Amino acid sequence: MKRVSLAAMTLMLALGAGCSSSGSSRIDKAAKDRKPAPEFSLADAGGKTVKLSDFKGKVVLLDFWATWCGPCKIEIPWFVEFQRKYKDQGFSVVGVSMDEGGWGTVRPFVEEHKMNYPVVIGTDQTAEEFGGVEVLPTTFVIDRQGRIVATHQGLTSKDEIEDAIKALL
Amino acid sequence: MRSRRCCSFTAALTLAAGVAWPQAPAGHVVSVETRPGLKARRGAELEIPLQVAIRSGYHINSNAPAEDYLIPTVLSWTPGPVAAKGVTYPKAESVKYDFSSKPLLVFSGAVPITTRFAVAADAPKGETRLGGKLRYQACTDKMCLAPRTLEVSVPVTIE
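Before going into details, it helps to say that this report is about the structure given with it.

What follows deals with the overall build of chain B. The number of helices and strands found in chain B is 1 helix and 14 strands. Here chain B, with 159 residues, has 44% of them falling under the buried criterion. Across chain B, contacts joining residues at least 24 apart in sequence account for 69% of those joining residues at least 6 apart. Surface exposure of chain B reaches about 7,700 Å², of which carbon and sulfur atoms provide 51%.

Structure (structure tokens):
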């Protein structure tokens, strides 16, 4: 419990410091206030079903993005780096593409940007269930219990996101 | 966010002579106005100017963006006795953003788009409405909104 509180406090301080410099962030301060992330079941490029619950027990950075979203292209290399650095500590990035063009559009982008984490194509329902994702990028930081700790709309600072991840690991 | 969602966000805009242009619904960053009282003769050509207004801080991609992955702005019209013959977009601004290695061609602020129409010799006389769609995708330097379509309806009197 003590560890959770400390992590939450560190996260609050880390995220609070950078909020004004970029998009908007919502941080659920106390563990008891965190809401469970909605479940989804979506196919990856290979047709394999990916569920959010597959990542239970891990810290997850869930990124809603699109190939036509310029600011998303700034964040994606950071996420590739986070995946490499923290994967072995129980962390995963999961990308949810909101492209209309399907894998024909998304696959070349994934390959070009060497995205080393699971990527699925989201639906309107997925966006609705996550509170109506209207802005890209939107990223959710999810704790090991599958609860949403923080939501970032728009381009966020790299340090802000990395501090949030480290605080939960 | 994808096409079905975009349809649900589509706002029906009516361009009516002498009536104030309705405000774009909450969440829309683009609105469209035209000149009221448009008239045309059978067999003649007609130019219709649309004034596209983009909310401060936002840009939309031009009709010919500099990168293939960007969604262009497209104004299209429903075929009919008053048929669109060509759409003229203004010169785009060239703006460098952090996320792109080269400047992008975008529109911001007030954007005039003109369409040239040909009126059929046997077009019915009286008032008609020209239906169009403005497809765009808006961003700031920090975030993007889903592609959206504004429906445009322009009243024209055929004489």
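Next, the rest of the story.
This paragraph deals with the environment of Gly47(A). Residues and elements named next belong to chain A. Position of Gly47 among the secondary structure elements: in the loop between strand E3 (41-43) and strand E4 (49-51). The exposed category is assigned to Gly47, whose relative accessible area is 51%. Sequence-wise, Gly47 and Val120 are 73 residues apart; in three dimensions their C-alpha atoms are separated by 9.4 Å.

We now examine unusual backbone geometry. Residue and element names in this part refer to chain A. Of the consecutive residues Leu136 and Pro137, the connecting peptide bond is found in the cis state with omega at -5 degrees. Within the secondary structure layout, Pro137 lies in the loop between strand E8 (135-136) and strand E9 (138-142). Within the chain, Lys114 stands out as a residue other than glycine whose phi angle is a positive 50 degrees. Tracing the sequence through the fold places Lys114 in the loop between helix H3 (103-112) and strand E7 (119-121).

As a further point, take the state of the cysteines. Under the definition given, this model contains 2 disulfides over all chains. Residue Cys69(A) pairs covalently with Cys72(A) via a disulfide, S to S 2.2 Å. In this structure the cystine formed by Cys69(A) and Cys72(A) twists about its S-S bond by roughly 85 degrees; its chirality is therefore right-handed. Neither residue differs from the other here; Cys69(A) and Cys72(A) are each classed as buried. The disulfide that involves Cys139(B) links it to Cys144(B), with 2.1 Å between the sulfurs. Taking the torsion about the sulfur-sulfur bond, which here is approximately 100 degrees, the covalent link between Cys139(B) and Cys144(B) counts as right-handed. Of the two residues, Cys139(B) and Cys144(B), both sit in the buried class.

Our focus in this paragraph is the interface of chain A and chain B. With 26 residues of chain A at the contact, the number on the chain B side is 23 residues. Surface buried jointly by chain A and chain B totals about 2,100 Å² across both partners, of which 57% is contributed by carbon and sulfur atoms. Broken down residue by residue, the surface that chain A buries against chain B is led by Trp68(A), Glu100(A) and Asp124(A), which jointly contribute 37%. The tally of links from chain A across to chain B stands at 2 salt bridges. With its nearest N and O atoms 3.7 Å apart, the salt bridge here joins Glu134(A) to Arg148(B). Taken together, the links from chain A to chain B amount to 3 residue pairs in polar contact (both at pLDDT 80 or more). Listing elements by their share of the side of chain A that touches chain B, those giving two or more residues are helix H2 (70-86), helix H4 (124-129) and E8 of chain A. Residue contributions to the side of chain A that touches chain B peak at 4 residues, all from H2(A). Of the residues that constitute the side of chain A that touches chain B, the class distribution is 12 nonpolar, 8 polar and 6 charged. Where E8(A) and strand E13 (residues 144-145) of chain B come together, 2 bridges link them in antiparallel fashion. When the sheet's bridge partners are listed, Val135(A) is paired in E13(B) with Leu145(B).

Right, let's talk about the nonpolar core for a bit. Within the largest apolar cluster, 61 residues are counted, with the highest numbers of intra-cluster contacts made by Leu61(A), Leu62(A), Phe64(A), Phe82(A), Phe130(A) and Leu136(A). Per element, the largest residue contribution to this core is 8 residues, and it comes from H2(A).

With that settled, consider the sheet that holds strand E2 (residues 30-34) of chain B. Residues and elements named next belong to chain B. One open sheet accounts for 4 strands, arranged E2-E4-E10-E7; its pairing is antiparallel. Pairing within the sheet leaves two strands with one partner each, and these edge strands are E2 and strand E7 (82-88). Averaged over all neighbouring strand pairs, the angle between strand axes comes to 30 degrees, with direction disregarded. Relative to strand E10 (residues 110-119), strand E4 (residues 45-54) runs antiparallel, the two being bridged by 9 bridges. From the neighbouring strand, Glu47 faces E10, where its bridge partner is Arg116.

Reading the values: rules and limits
Residues numbered from 1 in each chain as written. Chains lettered and ligands numbered in written order. Predicted model: local features only at pLDDT ≥ 70, side-chain atom pairs only at ≥ 80, totals over all residues. Heavy atoms only, no water. Helix = DSSP H or I, 4+ residues; strand = E, 2+ residues; numbered from the N terminus. Buried < 20%, exposed > 50% of the residue type's maximum accessible area, 1.4 Å probe, protein only. Contact = heavy atoms within 4.5 Å. Areas by Shrake-Rupley, 256 points an atom, 1.4 Å probe, with all protein chains shown as cover. Disulfide = S-S within 2.5 Å. Buried area = accessible area lost by both parts, 1.4 Å probe. Salt bridge = Lys/Arg side-chain N within 4 Å of Asp/Glu carboxyl O. Polar contact = N/O pair within 3.5 Å; in protein donor to acceptor, adjacent residues only side chain to side chain. Nonpolar A, V, L, I, M, F, W, Y, C, P; charged D, E, K, R; others polar. Pairing = 2+ DSSP bridges. Core = buried A, V, L, I, M, F, W, Y, C linked by side-chain atoms within 4.5 Å. Axes fitted to C-alpha atoms, helices over the stretch in contact; angles between N-to-C directions.

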